[in-house]
Amino acid sequence: MSCGNPTVETDALMPRKKKYDKTNECVRCKTSLGNIVIRHAVYCKECFFPLVTFKFRRALEPFVNAKPDGPRRTALKPKGNLLVGFSGGLGSTVLLDLVYRCYVSMDKSTMPAEGGKQHPRHERVWKKVSVCYVEVCDIFPGMKDRTPEVAQLVAQHDGLEFIPLRIQDAFDSSWWARAHSSPGRIDLGVDLTNEELFLNSVPSSTSSTPLESLRTFLASLPTATAMSSTINSLIRLLLLHTALDTGSSHLVLGSSLTSLAVSLISGVSQGRGFNVKEEMQEEWFPDRAPEPSSQREKRTGKGERSVRVIRPLRDVGRKECAAWAWWSGLRVLGRETWPWPGLKQDIGTLTKNFIFGLEKDYPSTVSTIVRTCTKVAPKGEASGICVLCARPIQAGIQEWKSRISIRSRSPGDAIDEKTPVGPSLASHLCYACHTTLTSTSSRPAPPFDATVTKSSLVALPVWVPPQFSEKEELFRTQKMGQEKMRNVVQDFLLDE
Amino acid sequence: MPPRNCALCHEARAILKRPKTGQQICRDCFFWVFETEVHNTITEAGLFKPGDRVAIGASGGKDSTVLAHVMKTLNDRYQYGLELFLLSIDEGITGYRDDSLETVKRNQQQYDMPLKILSYDELYGWTMDAIVSQVGKRNNCTFCGVFRRQALDRGASALHVDHIVTGHNADDIAETVLMNIMRGDIARLGRCTMICTQGEDTIKRSKPFKYAYEKEIVMYAYFKKLDYFSTECIYSPDAYRGHARAFLKDLEAARPSAIIDIIHSGEAFEVKEEIRATQKQQQTCKRCGYMSSNDLCKACTLLEGLERGIANAAITDRARKKLDAEGPAPENLRTIPFYQPSSTPNPALPVTIEGAHN
Amino acid sequence: MPSVKVEFSGGLELLFSNQRKHDISLPERVPADGHESGRPVDIAYLILWLRDNLLQERAELFVENDSVRPGILVLVNDTDWELEGEGECVLKERDEIVFISTLHGG
């Protein structure tokens, strides 16, 4: 690679510094000897716990009340309950412990110091705290079902409701019916062979089980990255809908600083730049129409539901989580690695390995990534909400995509007799979701299960159909049909 | 396996698979689609107008050789009405530049374009070889980058051009987006996906290959039988950029659209209003007149460090303060000639151009 | 001959016969054989000793470039090894060393 780049920057090198600054003494209490180094700062064990607790509260509590605090701090009064998304991983485990100690068992050691502006928070902030775990093992043959272990771990915390889900619930109309007291539909399908992603009915006579629908959907995706990204997206949407079902106004996830940096870079690499903000923290308004005008509304209407997704451990690194878990004697179940060779070709996994490797020699990289991402804002208008991932769609992306890569010799080419016409999913997807479903690789993803075959028409998750107003989208096909028929029979119609 | 037909013309046999889209196409359609995408990039961004004088930053490497070829092709085919020049910078690295400069001279013959070569030696009084012997191999990239940027502007100014085009390709830009996020360079992050950048006193600079994959540039050169000199800078150390580049290559292997997807991400966000307000304002260097965020521009600071034997002076702000503490610069310090950007051709000023036809 | 207690957590125990705690007796000094200096045993030596004597499988999940893989937190007597000179920390009798993998995701 020739160094032909005139914009090479000044600090092209990241010097490897000493692991910590100056002395072995704790920088907080300045009396004890340190037990742990966190990004060049030394802390003793006694100061470590209040430090992490403080960071947890600081990332969560300003967003508990519907309106942000004015000059005076007010009591914490959330609109609804709290749902904890639990994956079994290190971050989730630490999150659960902190949530429990701060808001359920009211562990005194986690209360902020008395006096001054700090009010001890002795009142129970949340009326109900639930824990939701989504099991993915049914996708991969032979993968262990950890639900019983997770249930046992959660049961150790008195007063928490445990909600176990399975990932195939995303394709289960009866799950939807239970969660939303309204019927669910699993008959809307998408044609994955064409970039337009035409919609069509999936014949309900073939009655697949939710698991079959899920596995067919995954097997039909073009790349390993697509599968991995889709599974994560499905989990997040299941958690959001469970939050609604449990009357929760807040959903907390256990992403540490490290895993947040990974998901930000992985997201950027998949075209998710417009939604960088949402990747860190977002608010979902399930009752609002996907149109831009209703989405721009900042204030929540009376009785309007919303779910705030917050990552309270976003300032806490992986190392700190490990130390917390070890010193608190927490049992970490861990997340099962998916038994699938496709992971080697997945952008998420590649990013994770890259960032984890960097963290060792350049520990400030991870916090820099997150900090940089907090300094950017989406550019331009949103043209709606993605029906798959519930995040804002940037205006003009389909036009941009076709401009950047020419795929046909002349514009007229694209439409011939064989090209189906009809409602398409493409304009209802964000850039990243569209890319997930259409972008291919020269190396096809290795199958995760030899018995599952791909299909060109696959059913969509159960939250998609309600977002299409039937009259508008699907009726159009019918309307075309009438016109077409008329053209055919035109010559045979007798004048009225 | 029966031979496939080209996915674009449906007639000729497909002989290659496009790295960007995976489409299997024939040779002629590849040339067409590659050139047309660049043409669309240029017209969509409204980069040029008829009569513009455009300098092509020519290094003799694949990006600039193909760029010169494509610019000439498009200029003729679509009648952009541009006057094209080749501008090459000689950093003074023995062995590295000699061969690539020969390629640039050949390009000048092949494309019938005037060529200007500007060297670090004539501009700054220091070759990269000399710089490395003084500062060592760790920070030399800093010098080279800063010096080259100014050199391109000065060379273009001497040619009285309106516009510089460089061969930065999609891979470069994607890599830069990732790098700037990882290093927290918010100022650069806000600019790096812009196709055309212009400072107050600098010449417009554009990247027509912004959406062109590096692999496709190589493919184009291969099939068009364009010769170029592919060399690794002998002084490149273990830079952070190397890590990012390796990661990018892995991403591309996992999913080829990743390169475009990263650029799209970079275009989809901008620096927040409140952050922009705190960024340093542009001024001009008191010593040489080039644009700067401080009293002295980076190049002058680096040069002063070299001349005074405190070479690492300008690398960090801390070192700069140390340099100032040593006392003011001596009166007879070698400085960079004063910079006067001007795009109006002044026939009175002599401009040495090799093989010029004007 | 320092006897030290070694403990594995965060899934690492699976690589060591699924046993979390191990009592290890180490030689006083690193065996001198031309490469090694005969220096007092330190954590760097312990890591390689564990790899060569106790690790049952998948060495790459524990060791990388003769040190622990990135993402493994090492505590010596309840203190971050980064405060004790990392691999150069000399081992004494009854030292307790814990290796915690943070690679669960979450």
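Residues numbered from 1 in each chain as written. Chains lettered and ligands numbered in written order. Predicted model: local features only at pLDDT ≥ 70, side-chain atom pairs only at ≥ 80, totals over all residues. Heavy atoms only, no water.

Under the annotation held in an unreviewed UniProt entry, chain C carries the name Ubiquitin-related modifier 1 and is attributed to Wolfiporia cocos. Its UniProt record, at the heading Pathway (unreviewed entry), says of chain C: "tRNA modification; 5-methoxycarbonylmethyl-2-thiouridine-tRNA biosynthesis." Its UniProt record, at the heading Subcellular location (unreviewed entry), says of chain C: "Cytoplasm". (UniProt positions renumbered as here; feature names shortened; annotations may be inferred.)

In the nomenclature of an unreviewed UniProt entry, chain A is known as Cytoplasmic tRNA 2-thiolation protein 2 of Wolfiporia cocos. What UniProt records for chain A under Sequence similarities (unreviewed entry) is the sentence "Belongs to the CTU2/NCS2 family." Database annotation for chain A, UniProt heading Subcellular location (unreviewed entry): "Cytoplasm".

Asks: Tell me what's going on with the overall build of chain A, and back it up with residues and numbers.
Replies: The helix and strand tally for chain A stands at 16 helices and 14 strands. Per-residue burial for chain A yields a buried fraction of 53% across its 496 residues. Total accessible area computed for chain A in this model is approximately 22,900 Å², and 54% of it derives from carbon and sulfur atoms. (Helix = DSSP H or I, 4+ residues; strand = E, 2+ residues; numbered from the N terminus. Buried < 20%, exposed > 50% of the residue type's maximum accessible area, 1.4 Å probe, protein only. Areas by Shrake-Rupley, 256 points an atom, 1.4 Å probe, with all protein chains shown as cover.)

Asks: Which residues make up the pattern of salt bridges, and what values do they have?
Replies: The full count for this structure, using the stated rule, is 57 salt bridges over all chains. Of the charged contacts in the structure, one is a salt bridge between Lys128(A) and Glu161(A), with a shortest N-O distance of 3.3 Å. In this pair, Lys128(A) sits in the loop between helix 2 (90-104) and strand 4 (129-135) while Glu161(A) sits in strand 5 (residues 161-166), placing the two residues 33 residues apart along the sequence. In this structure Lys128(A) comes out as partly exposed when scored by relative accessible area, which is 32%. For the salt bridge of Arg403(A) with Glu44(B), the shortest nitrogen-to-oxygen distance reads 3.9 Å. Separated into two different chains, Arg403(A) in helix 13 (residues 397-404) and Glu44(B) in helix 1 (residues 27-45) make up a pair that spans both. Residue classification places Glu44(B) among the partly exposed residues on the basis of a relative accessible area of 49%. One network of salt bridges, with partners in common, ties together Lys62(B), Asp63(B), Asp171(B), Asp172(B), Glu175(B), Glu214(B), Lys215(B), Arg245(B), Lys249(B) and Glu252(B). (Salt bridge = Lys/Arg side-chain N within 4 Å of Asp/Glu carboxyl O.)

Asks: Outline helix 13 (residues 298-307) of chain B, supporting the account with residue identities and numerical values.
Replies: Residues and elements named next belong to chain B. Burial of helix 13 is extensive: eight of the ten residues sit out of reach of the surface. Burial in helix 13 covers these residues: Ala 299, Cys 300, Thr 301, Leu 302, Leu 303, Glu 304, Gly 305 and Leu 306. Just beyond helix 13, the residue with positive phi is Gly 309, at close to 80°.

Asks: Describe the sheet that holds strand 8 (residues 248-253) of chain A, with residues and values.
Replies: Residues and elements named next belong to chain A. Taken in spatial order, the six strands of this open sheet run 5-4-3-8-10-9, and their pairing is mixed. Only two strands of the sheet have a single neighbouring strand rather than two, namely strand 5 and strand 9 (282-284). The average undirected angle you get between the axes of adjacent strands in this sheet is 25°. Where strand 3 (residues 81-86) lies against strand 8, five bridges are found, and the strand directions are parallel. Paired with Leu 82 across the bridge in strand 8 is His 250. (Pairing = 2+ DSSP bridges. Axes fitted to C-alpha atoms, helices over the stretch in contact; angles between N-to-C directions.)

Asks: Which residues make up the nonpolar core, and what are the values?
Replies: Residues and elements named next belong to chain A. If you look at the biggest cluster of nonpolar residues, it comprises 116 residues, and the most contacted ones within it are Ile 139 and Leu 425. Ignoring any residue separated from it by four or fewer positions in sequence, one finds Ile 139 in contact with Ile 167, Leu 214, Arg 215, Leu 218, Met 227, Ile 231 and Phe 448. In this structure, Phe 49, Leu 98, Val 125 and Val 154 belong to the second largest nonpolar core, which totals 52 residues. (Core = buried A, V, L, I, M, F, W, Y, C linked by side-chain atoms within 4.5 Å. Contact = heavy atoms within 4.5 Å.)

Asks: Which residues make up the confidence of the model for chain A, and what are the values?
Replies: Residues and elements named next belong to chain A. Summarising the model, chain A shows a mean pLDDT of 85, and 82% of its residues fall at 70 or more. Residue range residues 1-17 is modelled with pLDDT below 50. Its contacts to residues more than four positions away, or to other chains, number 46 contacts. In this model, residues 474-480 is a region of pLDDT below 50 whose contacts with residues beyond four sequence positions or in other chains number six contacts. (pLDDT = per-residue confidence, 0-100.)

Asks: How would you sum up the interface of chain A and chain B? Please name residues and give values.
Replies: Each partner contributes to the interface: chain A provides 65 residues, whereas chain B provides 69 residues. Around 6,300 Å² of area is buried between chain A and chain B when both sides are counted, 60% of it from carbon and sulfur atoms. The tally of links between chain A and chain B comes to one salt bridge. Viewed at the interface, chain B and chain A are joined by 16 residue pairs in polar contact (both at pLDDT 80 or more). When residues of the side of chain A that touches chain B are traced back to their parent elements, those giving at least two are helix 6 (224-245), helix 7 (257-269), helix 11 (347-361), helix 12 (364-374), strand 11 (376-378), helix 13 and helix 14 (431-438) of chain A. Residue composition of the side of chain A that touches chain B, grouped by class: 28 nonpolar, 27 polar and ten charged. The pairing of strand 11 of chain A with strand 9 (residues 269-271) of chain B spans three bridges and is classified as antiparallel. Its bridge partner lying in strand 9 of chain B, Val376(A) is registered against Val271(B). (Buried area = accessible area lost by both parts, 1.4 Å probe. Polar contact = N/O pair within 3.5 Å; in protein donor to acceptor, adjacent residues only side chain to side chain. Nonpolar A, V, L, I, M, F, W, Y, C, P; charged D, E, K, R; others polar.)

Asks: I'd like a description of the sheet that holds strand 6 (residues 79-80) of chain C, backed by residues and values.
Replies: Residues and elements named next belong to chain C. The mixed open sheet is built from five strands, whose spatial order is 2-1-7-5-6. Looking at the sheet topology across the chains shown, the edges are occupied by strand 2 (21-25) and strand 6. When strand 1 (residues 3-9) meets strand 7 (residues 96-101), the two strands line up parallel, connected through five bridges. Residue Phe 8 lies in a different strand from strand 7, and its bridge partner there is Phe 99. Against the sheet, helix 1 (residues 43-53) makes contact with strand 1, strand 2, strand 5 (72-76) and strand 7, and its axis sits at roughly 65° relative to strand 7, the strand it touches most.

Asks: So what's going on with the packing of aromatic side chains? Which residues, and what values?
Replies: Within this structure, the stated rule accounts for 27 aromatic pairs over all chains. Consider the rings of Phe8(C) and Phe62(C), whose centres lie 6.1 Å apart with planes at 80°: the pair is edge-to-face. Taken together, the residues Phe8(C) in strand 1 and Phe62(C) in the loop between helix 1 and strand 3 (63-64) connect sequence positions 54 residues apart. For Phe62(C), a relative accessible area of 0% corresponds to the buried category. Taken together, the ring pairs connect Phe30(B), Phe31(B), Phe34(B), Phe209(B) and Tyr220(B) into an aromatic cluster. Stacked on the ring of Tyr431(A), the Lys or Arg Lys401(A) has its end atom at 4.6 Å from the ring centre. Directly above the aromatic system of Trp32(B) lies the positively charged group of Arg409(A), at a separation of 4.1 Å from the ring centroid. (Phe/Tyr/Trp six-rings, centres within 6.5 Å; stacked < 30°, edge-to-face > 60°. Lys NZ or Arg CZ within 6 Å of the ring centre and 35° of its normal.)

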